[in-house]
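A closer look at the structure
Here's the letter readout for the chains.
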There are 2 protein chains.
Amino acid sequence: MVAPSALPAGTVGTVETRFLDLPQPLPLDCGRELRSVRVAYETYGTLFPRRDNVILVCHALSGDAHAAGYSATAPAESTRDGFAAETRDGAAGKALGWWDGMIGPGKAFDTDRWFVISTNLLGGCRGTTGPSSTDPETGRPYGSGFPVVTVADMVRCERAFLDELGIERLAAVAGGSLGGMQALQWAVTYPDQVDSIVVIASTHALHPQGLAWNAIAREAIIRDPAWQGGDYYGTGRAPEAGMGVARMVGHVTYLSAPALEERFGRRLQFADDIRYTFDEPEFEIESYLDHQADSFVRRFDANTYVRLSRALTYFDLARQHGDGSLERALAGISARTLLIAFSSDWLYPPAASAEIETALRGLGKPVEFHLIDAPYGHDCFLLEEARQIPVVRRFLNEGRA
Amino acid sequence: MVAPSALPAGTVGTVETRFLDLPQPLPLDCGRELRSVRVAYETYGTLFPRRDNVILVCHALSGDAHAAGYSATAPAESTRDGFAAETRDGAAGKALGWWDGMIGPGKAFDTDRWFVISTNLLGGCRGTTGPSSTDPETGRPYGSGFPVVTVADMVRCERAFLDELGIERLAAVAGGSLGGMQALQWAVTYPDQVDSIVVIASTHALHPQGLAWNAIAREAIIRDPAWQGGDYYGTGRAPEAGMGVARMVGHVTYLSAPALEERFGRRLQFADDIRYTFDEPEFEIESYLDHQADSFVRRFDANTYVRLSRALTYFDLARQHGDGSLERALAGISARTLLIAFSSDWLYPPAASAEIETALRGLGKPVEFHLIDAPYGHDCFLLEEARQIPVVRRFLNEGRA
């Protein structure tokens, strides 16, 4: 197994997360509306006067608006974790963006050419309105009162947010995993406003095993007595135990079995021999999962987690837009599409990207599919940046012509 | 995907689980000993006067002594669950043994020729001494006081039990998964007393992803506040929430992604459309996992679960018996070995069986490895009985000559 290659050194420098309040209520797929929505966002690069160089970057389940550079405001702990946290460190006390390897001068999303916007998604817990935000009607956190949101709702929120910035067209929408779903949804919902989409390690619909992993993660949280139906804010308790278990499940599904073999093997954690205990870590992999669980619980909200998990499972382009046919669902899009998948990703397997490619080709739409042979599973999307950069750069530059 | 073939119709009839108390304390790998051990067991077929037709069958994590026939004593609910529960039903009110397809007249373990003994393993919760048994020193259930047991401890208990029955040699030890580990351990620990072993869907040491799934299952239980350090007996609470999550993780790892696709797809459970809820099942796979969790919680003890899970992860023949070398670990065995693995089993992948085969061949030991191409994952061991029967029958008959 080869270590990920070196990355370009350019940085967007120190950035600040800003906030924008939408002036209008936001309608949701479930039939409800959110009366007051705030969006947390960051921007990198310079907006051209003609406003035609905008790229929207969409984050995955546990990300946030801080996608690049050193945060002036975010806590020191990086928003990257797992294997990805180890690939580079932020400067002392400053969190490095979760996609810093891809965004910056000379990088995939080259901030010398593109104006990159990154928002925290609707329902999040990192600045954009979500279940832990104050419900204006009650003056208390939404908790259980926060609606179930969909990927289409997230995209609708992003559209309304960009309206406020006076940005109508997007040169590209890009993201991995849940972020890739948002990119696909943008192309379907707003076909005339998106020139291209970059869909990485994503899918048009999770397969049943993916549904199962998400169900287990949600059940771990909801069955935790500290969950309290979702109204745990201010009670002094939160479903941290369940969140930890959910995160452990996530981590194992994000990595491949060979990556775990390579990284941990069956090495013991503390001693030359086993200690005959079942409630303390004995193997390095056990200790690693414990640590990942603990650090995630400190920075993420359970209500957000269960809703984003549910949104992941609901997403189904064929069902929602094509009466069961993926080709029909994609028939209206006009964006150029770049698909990237990773050979070892069993959570978002390459087959799903291939299905999208086939459907788009059948429709005569412009599409490229790059299958990258890499061993780290779904996390390749954050770990194998060096191999994605030339592909994404060229794809974006071709669109500029 | 082809449905498993029809099974032989023979049955061992109605059977009763019996109990035997070991007269001596049982020493354990951890350095402690259990002063008073009871073993639950069943037998099928007739013991030859020369006592040379004995096969010991070892169960997997959630099994018990009731391996074949209709139970006169076990609750109506079958000990089989998941996909396996659907392959056949017990007679009304009588639980069918978990390996009934393999054990009986004319079957793989042909009770017209073999005397088959099945015990509940040490640390279990179905009759053999385990954490829910009464500690003779306190008069209360062991709970947290029950030691951590290993596969070698289970085998030591089985050896002591057979001594009481006056059985010295075994024609075969057979089992799948954790049961296969016991068979391997028998061949290593008692080389002169085992003629052959049948090791199905098992391994000489779990790979790191397998360690991870087990860690998650244990954490789900231990982080449940109702766990109470393992001393939940008589408190009116038990870690059912955590056990449910643990079982869900188990189920998904026991099945293959294609099997889930074939069986459930993305079909919705209750309605033609989604209902915008995250704490109720929306997809059939979610409802299935919920059901499996609930039924398991009713019949299994959490203290047993965490200990058997730990034993699964500790098992490592190379480390324990070969100073890191599997070949050295197996150097002393004299048993003929039959290995069976399933192409879609990603929890106990065929590669592990192939490693055992290679080591035994390198040592010049008699070994057969059958890789069965079947789609159901680890559960093939219980689902694909019809294809195992001829292989196991022939292997056992050849040993009789």
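Everything in this summary refers to the structure shown in the same document. Please read these numbers as outputs of a predicted model, since none were measured by experiment. For every chain, the first residue of its written sequence is number 1, and the numbers climb from 1 along that sequence. By the order in which they are written, chains take letters starting at A while ligands take numbers starting at 1. Per-residue local features are limited, in this predicted model, to residues with pLDDT of at least 70; the limit for side-chain atom pairs, both in listing and counting, is 80 or more; totals at the level of whole chains, interfaces and linings are taken over all residues. Derived side-chain values reflect all non-hydrogen atoms in the structure, with water molecules and hydrogen atoms excluded from consideration.

In this section: the sheet that holds strand 5 (residues 38-44) of chain A. Residue and element names in this part refer to chain A. A pair of strands is treated as paired once DSSP finds two or more bridges between them. To qualify as a helix, a DSSP run of H or I must reach at least 4 residues; to qualify as a strand, a run of E must reach at least 2; elements of each kind are numbered from the N terminus. Strand order in the open sheet made by the eight strands is 2-5-10-6-11-12-13-14, with mixed pairing throughout. The sheet is open, and its two edges are formed by strand 2 (18-21) and strand 14 (367-372), each paired on a single side. Adjacent strand axes in the sheet meet at a mean angle of 20 degrees when their direction is disregarded. Sheet topology places strand 5 next to strand 10 (residues 115-119); four bridges connect them, and they run antiparallel. Here an angle of 0 to 180 degrees is reported between the N-to-C directions of two axes, which are lines fitted to C-alpha atoms, with helices fitted over the stretch in contact.

Another aspect to go through is the pattern of salt bridges. Salt bridges are defined as contacts in which a side-chain nitrogen from Lys or Arg sits within 4 Å of a carboxyl oxygen from Asp or Glu. In total, this model carries 44 salt bridges over all chains according to the counting rule given. With a closest N to O distance of 2.9 Å, Asp316(B) and Arg266(A) form a salt bridge. Placement of the pair is Asp316(B) in the loop between helix 7 (302-314) and helix 8 (317-321) and Arg266(A) in the loop between helix 5 (257-263) and helix 6 (284-299), with the two residues belonging to separate chains. A single burial state applies to Asp316(B) and to Arg266(A), both of which are buried. Arg394(A) serves as the salt-bridge partner of Glu398(A), at 3.0 Å between the closest nitrogen and oxygen. Summary of the burial criterion: residues with accessible area below 20% of their type's maximum are buried, those above 50% are exposed, and those between are partly exposed, where the area comes from a 1.4 Å probe applied to protein chains only.

What follows deals with helix 3 (residues 208-222) of chain B. What a helix is expected to span follows from its residue count: subtract one and scale by 1.5 Å. The end-to-end C-alpha separation of helix 3 of chain B is 20 Å, in line with the 21 Å expected for 15 residues at 1.5 Å each. Within helix 3 of chain B, 15 of the 15 residues are buried, which leaves it mostly tucked inside the rest of the structure.

At the junction of the two partners, chain B supplies 60 residues and chain A supplies 60 residues. Roughly 5,000 Å² is buried in total at the junction of chain B and chain A, and carbon and sulfur atoms are behind 67% of that figure. For the interface between chain B and chain A, the tally reads 10 salt bridges. A salt bridge links Arg223(B) to Asp290(A), with the shortest nitrogen-to-oxygen separation between them at 3.6 Å. Nitrogen and oxygen atoms within 3.5 Å of one another constitute a polar contact, given that in protein one can donate a hydrogen and the other can accept it, and given that sequence-neighbouring residues count only through two side-chain atoms. Here chain B is connected to chain A by 26 residue pairs in polar contact (both at pLDDT 80 or more). Going through the elements one at a time, helix 3, helix 4 (240-254), helix 5 (257-263), helix 6 (284-299) and helix 7 of chain B are the ones with two or more residues in the side of chain B that touches chain A. Per element, the largest residue contribution to the side of chain B that touches chain A is 11 residues, and it comes from helix 3 of chain B. Contacts were defined at the residue level, with two residues in contact if any of their heavy atoms lie within 4.5 Å. Once two parts are joined, some of their accessible surface, as seen by a 1.4 Å probe, is lost; buried area is that loss totalled over both.

We now examine the relation of the copies chain B and chain A. The copies are overlaid by a least-squares fit using only the C-alpha atoms of residues whose pLDDT is at least 70 in both copies. Placing chain B over chain A gives an RMSD of 0.0 Å and needs a rotation angle of 180 degrees, together with 0.0 Å of translation along the axis. The superposition of one copy onto the other is thereby described by a two-fold rotation axis. Comparing contact sets, 98% of the residues at the interface of chain B also lie at the interface in chain A, consistent with an isologous, same-surface contact.

All names here are of chain B. Taken N-terminus to C-terminus, the directions of helix 3 and helix 7 make an angle of 160 degrees; their axes are 10 Å apart at the nearest point. Comparing their axes, helix 7 and helix 3 come out roughly antiparallel. Our pair here, helix 3 against helix 7, has a crossing hand that is left-handed. Between helix 3 and helix 7, the contacting residues are Leu211, Asn214, Ala217, Arg218, Ile221 and Ile222 on the first element and Ala302, Tyr305, Val306, Ser309, Arg310, Leu312 and Thr313 on the second. The labels follow the angle: roughly parallel below 35 degrees, roughly antiparallel above 145, roughly perpendicular from 65 to 115, and oblique for the rest. Crossings are assigned a handedness: left-handed for a near helix turned anticlockwise from the far helix by less than a right angle, right-handed for a clockwise turn.

Right, let's get into the packing of helix 3 of chain B against helix 4 of chain B. In a pair of packed helices, the angle between the axes and the distance between the axes together describe the arrangement. All names here are of chain B. Where helix 3 meets helix 4, the closest approach of the two axes is 7 Å, and the angle between their N-to-C directions is 160 degrees. If you check the angle between helix 3 and helix 4, you find them roughly antiparallel. Every pair of crossing elements has a handedness; the one defined by helix 3 and helix 4 is right-handed. Where helix 3 approaches helix 4, its residues Trp213, Ile216, Ala217, Ala220 and Ile221 are matched on the opposing element by Gly242, Met243, Val245, Ala246, Val249 and Thr253. Its residues assigned to classes, the contact of helix 3 with helix 4 shows nine nonpolar, two polar and no charged. Polar here means any residue outside two lists: the nonpolar Ala, Val, Leu, Ile, Met, Phe, Trp, Tyr, Cys and Pro, and the charged Asp, Glu, Lys and Arg; Gly therefore counts as polar.

Attention shifts here to helix 2 (residues 178-189) of chain B. Residues and elements named next belong to chain B. Helix length check: helix 2, at 12 residues, gives a terminal C-alpha distance of 16 Å against a target of 16 Å (1.5 Å per residue), a fit within 8%. Most of helix 2 is tucked away, with 11 of its 12 residues classed as buried. Residues of helix 2 that are buried: Leu178, Gly179, Gly180, Met181, Gln182, Ala183, Leu184, Gln185, Trp186, Ala187 and Val188.

Residue and element names in this part refer to chain A. Note that Ala226 resides in the loop between helix 3 (208-222) and helix 4 (240-254). The sequence separation of Ala226 and Gly242 amounts to 16 residues, and the corresponding C-alpha distance is 8.8 Å. When near neighbours in sequence (up to four residues on either side) are disregarded, Ala226 contacts Tyr232, Arg237, Ala238 and Pro239.

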